[in-house]
Amino acid sequence: MLRPERMSRVSITGAKRVLDDVIETTHDLNLLHVTDYDGAWEGFEPGDPIAGADEAAERLVTVRSLESILDIEDRDAPSGGVDTDDLADRLERVRGAVNDYDDRRGDLRDERRALDERADAMAPLSTLGIDLDLLSGYDSLETSVGEGDERAVRDALDAADDVDRYETFAEDGVIAVFAHPTSGSSDVLEDTLVGAEFAAIEVPDAEQSPAAYLDGLDERRAELDREIESVEADLDDLRAEHGDFLLAAEERLTIEVEKREIPLAFATTKNAFVAEGWLPTEGFVDLAEALEASVGEHCEVEELERAAYDSSGQVADREPTGPTEPGVGDPETAADGSGNADEQSSGLQSLDDDGDSDESRLEADGGEHAEGVRSSSVERSESDGGERERSERESRRGAERSDGGTETRMADGEPPVVQENPRGVRPFELLTKAVGRPSYAEFDPTIILFLTFPLMFGFMIGDVGYGLIYTGIGYWVYSSFDSDTFQRFGAVALAAGISTTVFGVLYGEIFGLHLVSAYLWEGVVGLSHAPIEKGLSPATSYWARTWFVVTALFGILHLNLAWIFEFIEEYSFHGFADALKETGSWLLALNGLWLFIFSRLFDGSKPDLLFEVFSSGDVAAFELGFTGFPAWVGIVGGVAFFAGLGLLAVGPTHELVEAHQVLAHVLSYLRIAAVLLAKAGMAFAVNLLVLGVYVTEGEYHFIYDPHHIPADAELLGALGTGLIHGGPVSILLAVAVLLVGHLVVLLLGITSAGIQSIRLEYFEFFSKFYEGSGAAYEPFGYARRFTADE
């Protein structure tokens, strides 16, 4: 759980003539996270896509376009095999039908939008009440209709020298202008109105009134709406008829494109290929056996290493698992009829040393002799097992070795990460990945989030009523959405709700009322009060003080856990000395400081609550008899604190400026107690307004029956017995306050408790050991849903 699944780097080397079979087998296994070849090996080039890749990619684009037009989603089709044998022909038929209907729908929508624009433009004309044919079409009279200031328009017309006479009609800011130009002038009205406050409106070429024209537009729009609905119904029929096929076609084409384009990640020569990648170590045997069954000796699979990496991405623990020179001196090679093992070893070693082929090296000895050797080599490579040997020789040419004999990797980088968490913990990976996927070298903190996030959230809200609502919301989100992200979010909310409900039972509260305490803990169990309380009333205020101490102790534990994780990582990768300086220093400083704080050393200068809440008597919430560590423990703690600072000084000296973390970050956890009291206070205030509260012997009691208030009780608040005990209007107001008030508390509980919990996880906890720079494990393969294996 705390470590990702162990990964192995593997190499697949083979002859090109079995490339297709290797790809098919590897894809079907869905195990190998392929590493892209970076071009670093001499004599090797990235492979070329298999023929048909472009055609398959184009068809895939077509399918996805059709799915978008038809609004097809994954959940629209059942799982299982869907026939795609006539994919090309059927896809073309579906494409033609869908595009025809989609084009028709697009044309209708364009016309509909144009009519909407014309109707909007006609609205001002309808206010004038002048028939449209009277607003245009004159020989000697110029007209214009628009919105503007009539006085400004008339002033502009009065000032115009080329306007002989004019007339205006205005209504609600819409103006119709009729102007007669002076003799010899034309087209003067538009220029005249340029400087006036006037926005012209295009007048349609029609004879009826504006109202009748608008009625005609409405009729045409209704007709278009019916046509659009008809086309969309036809598209719905196409979706129902071909939806399963398109989803299956997308799946099949996606797989086909993946298979045809994967050689781009391989290193290839004329006759051979080399593929490298990562897979879970336990899956290596499955890969090797599957390829052995598929292509036999024409392919060699090697587990090159099982490696661990430090947080900077450098190799820290490399465990070679295969031979340094795979295939060299291999008995299988000697037995395949292509020469004895010693000759092959010598020949392959010479290729590794000088990078030259047999043919080019022997050309210097004479043409005939070289030609004979070349001919013999070709014949041998094409015999049974010979092509495998030639492919292996070529594949080694670019894989230069270091002095220690370790193979050069195809590309640098950490292994991909497979988080190995139990099923119930996996939803909390959503919170982990919000920071980043854990790297291969890091602890995966998801299990800690699973344990602490709901704990903090539930502790802060602690109410059966709110908890049941949170639980219901979480379950609804989890069960109502197909998205993995939403399902994980729902599961996290579900866990937080359950925790809130459990703490609500322990606090004895439901929507801030002590009904659970009265009926369960006092009525059934026989206790005088709930096991724990929030401490709002004066008589129980010692509980409030207790929670500040408890949350500080929780912070100390949480931070210790974070630095222990970092210590283990440092110890594993760099040894005890570095771990002690880098992380042991923080552990010493943290625990030393708080041992000092909780000790009786300098007793009078420390808050009494440190020694009261776990002692005994009326001021102790948990009577454990603890009244503080002895003074000598405080001295030990002080020594440990300064020893930690000393280690920082000789180790990561720059971190000395952050030494205040051991105090400040622990105090940051006090926000948990603060939110607890704030939310409890808000719920109390709502119930106070609705029910009213009386006080006896320092304890608050809600008023359920105003006729049974003790004589010596004191009413709390200005509303006396509460809104619910008044008249009809007061009761309605009480219901409104009750619903709105608790809704606000419910929503603020989500934001405040959720945000504060996740802040403590990310900032205080994660920052000590976690970077989250891991790469996702994306194996070459596909989990089929709509098609059957071919």
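Note that the structure is a prediction, hence the values are computed from the model and not measured.

**Describing the sheet that holds strand E7 (residues 198–201)**
Each strand in a sheet pairs with its neighbour through backbone hydrogen bonds, running either in the same direction (parallel) or in the opposite one (antiparallel). Spatial ordering of the open sheet is given by E5-E6-E4-E7, a layout of four strands whose pairing is antiparallel. The sheet is open, and its two borders are formed by strand E5 (163–171) and E7, each paired with just one other strand. Each neighbouring strand pair of the sheet contributes to a mean axis angle of 35°, computed without reference to strand direction. With six bridges connecting them, strand E4 (residues 142–148) and strand E6 (residues 174–181) associate as antiparallel partners. Bridged to Ser-144 within E6 is Val-177. Sitting on the sheet, helix H4 (residues 150–159) touches E4, E5, E6 and E7, and the angle it makes with E5 is about 175°.

**Considerations on unusual backbone geometry**
Phi angles above zero are rare outside glycine, and Asn-30 is one such case at about 55°. Looking at where Asn-30 falls in the secondary structure, it is placed in the loop between helix H1 (19–29) and strand E2 (33–35). Not every positive phi belongs to a glycine, and Asp-187 is a case in point at roughly 50°. Along the chain, the position of Asp-187 falls in the loop between E6 and helix H5 (189–192).

**Description of the packing of aromatic side chains**
Taken as a whole and judged by the stated rule, the model has 38 aromatic pairs. Plain terms: the ring middles of Phe-443 and Phe-565 are 4.8 Å apart, the flat faces sit at 25° to each other, and that makes the pair stacked. Of this pair, Phe-443 sits in the loop between helix H13 (429–435) and helix H14 (446–461) while Phe-565 sits in helix H18 (residues 541–574); the two residues are 122 residues apart in sequence, bridging distant segments of the chain. Residue Phe-443 shares its accessibility class with Phe-565, and that shared class is buried. On the numbers, 5.2 Å between centres and 70° between planes, the contact of Phe-765 with Phe-769 is edge-to-face. Phe-765 gets classed as buried once you look at its relative accessible area, which sits at 0%. An aromatic cluster of three or more residues is present, and its members are Phe-459, Phe-503, Tyr-507, Tyr-542, Trp-543, Trp-547, Phe-614 and Phe-622. We note Arg-600 situated over the ring of Phe-611; from NZ or CZ to the ring centre the distance is 4.0 Å.

**Looking at helix H2 (residues 53–70)**
Look at H2: 26 Å from first C-alpha to last across 18 residues, which is about the 26 Å you get at 1.5 Å a residue. Within the span of H2, buried status applies to Ala-53, Ala-56, Leu-60, Val-63, Leu-66, Glu-67, Ile-69 and Leu-70. Against helix H3 (87–128) and helix H6 (210–261) lie the buried residues of H2. Once H2 ends, the next one or two residues include Asp-71, with phi positive near 55°.

What counts, and where the lines are drawn
- Residues numbered from 1 in each chain as written.
- Predicted model: local features only at pLDDT ≥ 70, side-chain atom pairs only at ≥ 80, totals over all residues.
- Heavy atoms only, no water.
- Pairing = 2+ DSSP bridges.
- Helix = DSSP H or I, 4+ residues; strand = E, 2+ residues; numbered from the N terminus.
- Axes fitted to C-alpha atoms, helices over the stretch in contact; angles between N-to-C directions.
- Contact = heavy atoms within 4.5 Å.
- Phe/Tyr/Trp six-rings, centres within 6.5 Å; stacked < 30°, edge-to-face > 60°.
- Buried < 20%, exposed > 50% of the residue type's maximum accessible area, 1.4 Å probe, protein only.
- Lys NZ or Arg CZ within 6 Å of the ring centre and 35° of its normal.
- Expected span 1.5 Å × (residues − 1).

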